[in-house]
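# Coordinate inspection notes
Read off the chains here:
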Amino acid sequence: MDGCFACPIRCKKVCKFDEPFKVEPEYGGPEYETLAAFGSDCGINDLKAIVKANERCNAYSLDTISCGSTIAFAMECSRRVISL
């Protein structure tokens, strides 16, 4: 956990790893809702993949919750179309 400058709460999560892909700590770690949107909603149980998705969203200034939910919706639509 880390915090913004002069903030006593220190609620920012920090994640860094190099394998299987590099994740930079300055983008922070995923929040609870992001874990749900990119994790269980998309059927992903790899924490490192979720952290990487969080990093990419933050790098491109995308809302992680909306992005994960939109991807999960597209995956569900694709699954239903294929099963027809």
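Check the entry above for the structure.
Residues numbered from 1 in each chain as written. Predicted model: local features only at pLDDT ≥ 70, side-chain atom pairs only at ≥ 80, totals over all residues. Heavy atoms only, no water.

## Some thoughts on the side chain of Thr64
Within the element layout of this structure, Thr64 appears in helix H3 (residues 64-82). Here Thr34 takes part through its side chain, which lies 2.6 Å from a polar atom of the side chain of Thr64. What Thr64 contacts, discounting residues up to four positions off in sequence, is Thr34, Ala37, Phe38, Asn54, Cys57 and Asn58. (Helix = DSSP H or I, 4+ residues; strand = E, 2+ residues; numbered from the N terminus. Polar contact = N/O pair within 3.5 Å; in protein donor to acceptor, adjacent residues only side chain to side chain. Contact = heavy atoms within 4.5 Å.)

## Regarding unusual backbone geometry
Put simply, Glu19 and Pro20 share a cis peptide bond, and its omega is 0°. With respect to the element layout, Pro20 can be found in the segment before helix H1 (32-40).

## Details of the packing of aromatic side chains
In total, this model carries one aromatic pair according to the counting rule given. Note on Phe17 and Phe21: the rings are 6.4 Å apart at their centroids and 50° apart in plane angle, and the pair reads as tilted. For Phe17, a relative accessible area of 14% gives the class buried. Phe21 sits in the partly exposed class, given a relative accessible area of 29%. Of note, Lys48 hangs over the ring of Phe17, and the distance from its end group to the ring centre comes to 5.2 Å. (Phe/Tyr/Trp six-rings, centres within 6.5 Å; stacked < 30°, edge-to-face > 60°. Buried < 20%, exposed > 50% of the residue type's maximum accessible area, 1.4 Å probe, protein only. Lys NZ or Arg CZ within 6 Å of the ring centre and 35° of its normal.)

## A word on the environment of Met75
Tracing the chain through its elements places Met75 in helix H3. Considering only alpha carbons, one finds Met75 and Cys42, 33 residues apart in sequence, at a separation of 7.3 Å.

## Notes on the pattern of salt bridges
Enumeration over the complete set of coordinates arrives at five salt bridges. A salt bridge links Lys22 to Glu24, with the shortest nitrogen-to-oxygen separation between them at 3.7 Å. Look at Lys22 and you get partly exposed, because its relative accessible area is 47%. Between Arg56 and Glu55 there is a salt bridge, with its nearest N and O atoms 3.6 Å apart. We classify Arg56 as partly exposed; its relative accessible area is 32%. Among the charged side chains, a salt-bridge network with shared partners connects Lys52, Glu55 and Arg56. (Salt bridge = Lys/Arg side-chain N within 4 Å of Asp/Glu carboxyl O.)

Fair warning: the whole summary comes from geometry, so function is off the table for now.
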